[in-house]
Amino acid sequence: MNTSPWLLRAPQAGRRLRLYCFSYAGGSAHAYASWQAALGADIDVCALQLPGRGMRMMEQPYTSLPKLVDALGQLLARQDRTPFAFFGHSLGALLAFELTRYCARHGLAMPEQLIVSGTSAPQHREPSRGLHTLPDEALIAELELYNGTPPEVLQHRELMELLLPTIRGDFALAEQYVYRQAPLLTLPITVYAGRRDPRVSLEQASEWRKESSGACQLHWFEGDHFFINSERDLVLECVSAQLASPPLPYPQRSQAIGPPEPVGECALAEGAPAPCVPEPACGEAPAAPSIACTEAA
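Given the structure is predicted, the values throughout are model-derived calculations rather than measurements. (Residues numbered from 1 in each chain as written. Predicted model: local features only at pLDDT ≥ 70, side-chain atom pairs only at ≥ 80, totals over all residues. Heavy atoms only, no water.)

**Some details on the environment of Asp70**
Operational definition: Numbering of helices and strands starts at the N terminus; helices are DSSP runs of H or I of at least 4 residues and strands are runs of E of at least 2. Between buried and exposed lies partly exposed: a residue is buried under 20% and exposed over 50% of the maximum accessible area for its type, with that area taken using a 1.4 Å probe on protein chains only.
By secondary structure assignment, the location of Asp70 is in helix α2 (residues 65-77). Overall, the relative accessible area of 31% leaves Asp70 in the partly exposed class. For the pair Asp70 and Cys103, spaced 33 residues apart in sequence, the C-alpha to C-alpha distance is 9.9 Å.

**Brief notes about helix α6 (residues 157-175)**
Count 3.6 residues to each turn of an α-helix, and residues three or four apart come out pointing the same way. The test is simple: The angle between axes fitted to the seven residues ending at a residue and the seven residues starting there is what we call the bend at that residue. Should any heavy atoms of two residues lie within 4.5 Å, those residues are counted as being in contact.
Of all the bends found along α6, the most pronounced is centred on Leu163 and spans about 40°, while Pro165, a proline, follows it within four residues. Residues of α6 that are buried in the fold lie against α2, α3 (91-105), α4 (136-143) and α5 (151-154).

**With respect to the packing of aromatic side chains**
Geometrically, a pair of aromatic rings is defined through the distance of the ring centres and the angle of the planes. Quick note on the threshold: Between the rings of Phe, Tyr and Trp (Trp by its six-membered ring), a pair exists once the centres lie within 6.5 Å; its type follows the angle of the planes, with under 30 degrees stacked, over 60 edge-to-face, and the other angles tilted. Distance and angle both matter: a charge sits over a ring if NZ of Lys or CZ of Arg is within 6 Å of the ring centre and within 35 degrees of the ring normal.
For the structure on display, the rule yields 14 aromatic pairs. Members of the aromatic cluster, each reached through a chain of ring pairs, are Tyr32, Trp35, Phe87, Tyr192, Phe221, Phe227 and Tyr250. Between the NZ or CZ atom of Arg56 and the centre of the ring of Trp6, over which it lies, the distance is 4.3 Å.

**Things to note about the packing of α4 against α6**
The line we're drawing: To define axes, lines are fitted to C-alpha atoms, for helices over the stretch in contact only, and angles between the resulting N-to-C directions are given on a 0 to 180 degree scale. An angle counts as roughly parallel when it lies under 35 degrees, as roughly antiparallel when it exceeds 145, as roughly perpendicular when it falls between 65 and 115, and as oblique in every other case. All amino acids are sorted into three groups, where Ala, Val, Leu, Ile, Met, Phe, Trp, Tyr, Cys and Pro are nonpolar, Asp, Glu, Lys and Arg are charged, and the leftover types, Gly among them, are polar.
At a minimum axis separation of 11 Å, α4 and α6 run at an interaxial angle of 80°. In terms of their interaxial angle, α4 and α6 are classed as roughly perpendicular. Contact residues: α4 offers Asp136, Glu137, Leu139, Ile140 and Leu143, while α6 offers Arg157, Met160, Leu164, Ile167, Arg168 and Phe171. In the contact of α4 with α6, the residues fall into 7 nonpolar, no polar and 4 charged.

**Notes on the confidence of the model for the chain**
Quick note on the threshold: Scored between 0 and 100, pLDDT is the confidence that the predictor attaches to each residue.
Residues with a pLDDT of 70 or more make up 85% of the chain, whose mean pLDDT is 85. Per-residue pLDDT stays below 50 along residues 263-273; that stretch engages in 13 contacts with residues further than four places along the chain or on separate chains. Low confidence marks residues 277-297, where pLDDT is under 50. Its contacts with residues over four positions away, or in another chain, come to 69 contacts.

**Observations concerning the pairing of strand β4 (residues 84-89)**
For clarity, the threshold we go by: In this scheme, strands are said to pair when DSSP sees at least two bridges between them. Handedness is read with the strands pointing away from the viewer; a crossover is right-handed when the path from the first strand over the helix to the second is clockwise.
For β4, a buried count of 6 out of 6 residues is recorded, marking the element as mostly surrounded by other parts of the structure. Of the two faces of β4, the one carrying Phe84, Phe86 and Gly88 and the one carrying Ala85, Phe87 and His89 are both buried. In the sheet, strand β2 (residues 17-22) pairs with β4 via 5 bridges, with the strands oriented parallel. In the strand pairing of β4, Phe22 is matched with Gly88. Pairing of β4 with strand β5 (residues 114-117), which is carried by 4 bridges, proceeds in the parallel orientation. Bridging across to β5, His89 finds its partner in Ser117. Each parallel crossover has a hand, and the one from β4 via α3 to β5 is right-handed.

**Describing helix α9 (residues 232-243)**
Keep this limit in mind: One less than the number of residues in a helix, times 1.5 Å, gives the span that helix is expected to have.
Helix length check: α9 (12 residues) gives 16 Å between terminal C-alpha atoms against 16 Å at 1.5 Å per residue, within 8%. The complete set of buried residues in α9 reads Leu234, Val235, Leu236, Cys238, Val239, Ala241, Gln242 and Leu243.

**Considerations on the side chain of Glu211**
Note the cut-off: Polar contacts here mean pairs of N or O atoms no more than 3.5 Å apart (in protein, one a potential hydrogen donor and the other a potential acceptor; neighbouring residues in sequence count only if both atoms are side-chain atoms).
Here Glu211 shows up in the loop between α7 (202-206) and β7 (216-221). Under the relative-accessibility criterion, Glu211 is labelled buried at 3%. A polar side-chain atom of Glu211 sits 2.9 Å from a polar atom in the side chain of Gln123. Within the local environment of Glu211, its side chain forms a polar contact with the side chain of Tyr179, the two groups lying 3.0 Å apart.

Here it is as structure tokens:
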């Protein structure tokens, strides 16, 4: 694989599958720094480092998702032929989805599977609140409502002055996103969602099934929007099972977690994976205020 400032990885020959990981808004490739050790030598964890963070802090962050997807598509076209999959959380899931569409549209190698985490299906996103246009103090006040940014960071004004341009850029990527009809994907989609995530209801998570003719399964985790952190070990066990060849059953404690507030017959039988098809009688998860951490996705 070509060395690139876009990619954070630990090169090693002979790995069976490459996992490209896309972070949430305001996050960086370092969110996945511990994944390589957890997933083992069989998987090449390759985290995307976007401009405006980490060693690329002085670069201008992207504010247009189509332009960012085009840049990533060109990067992907230059890589070797190792089979690969995509994992993205929140804004990262939306980016991974649109990059998959880019690959299909341009005849590039396709990911073997797409794992989307912590985000609504692209046709069912919440309306933009224009957070990327807020004055600094108002934006910081919004960030305080979410469970992803440590209070000491938000209170450090000099640090926030450094971080806010990237946060605004990421919000703009999410809030200015426009869904466009396109041919269905054909790969399997796996959806991860937090039972207490106020931004992703049962219906919004289930609607990912409309984006591919391949299989679609929905798995729930305890926790809020950032269950990827609070439930890290279980998430990694599930990702490892998903990427195994052949795929392995998910851990029992994962299989036992059902959707938020199941109603009557809509409750899943213990141990049964959830297809991305909600029963008609099932209600949505309770609505609540939006944005997560440094996240509008």
